[in-house]
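Understanding the architecture of this molecule
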Amino acid sequence: MIDQRQRHQHGVTKNIAEGIGGLITGAALVMLLRGLVKARGNRQPAPNNARPTTGDSA
């Protein structure tokens, strides 16, 4: 019986294309994580200038 499965071709062009795709994906992941870290570091605490509320206000 003849094997009809698709054969994987591991040529130089395919290896280069997969390598470039991996680089782009890795760079995008690094930029995403860097943006998340910067966003978290730039958070400022809420201002504490609210007037205290009491039940005796007239």
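Our subject is the structure listed above.
To keep things clear, this report deals only with the structure shown in the data block.

Each value, and the rule that gives it
Residues numbered from 1 in each chain as written. Predicted model: local features only at pLDDT ≥ 70, side-chain atom pairs only at ≥ 80, totals over all residues. Heavy atoms only, no water. Helix = DSSP H or I, 4+ residues; strand = E, 2+ residues; numbered from the N terminus. Buried < 20%, exposed > 50% of the residue type's maximum accessible area, 1.4 Å probe, protein only. Areas by Shrake-Rupley, 256 points an atom, 1.4 Å probe, with all protein chains shown as cover. Patch = residues over 30% accessible without salt bridge, like charges linked within 9 Å, V, L, I, M, F, W, Y side chains within 5 Å. Salt bridge = Lys/Arg side-chain N within 4 Å of Asp/Glu carboxyl O.

**Description of the overall build of the protein**
Helices and strands together make up the secondary structure of the protein, namely 1 helix and 0 strands. When the 58 residues of the protein are sorted by exposure, 0% land in the buried category. Total accessible area on the protein is roughly 6500 Å²; 58% of this is exposed by carbon and sulfur atoms.

**Some details on a nonpolar patch on the surface**
A cluster of nonpolar side chains, namely Val12, Ile16, Ile20 and Ile24, defines an oily patch on the protein surface of about 410 Å² accessible area. Structurally, Ile16 is set in helix α1 (residues 12-41).

Just geometry here; none of it tells us what the structure is for.
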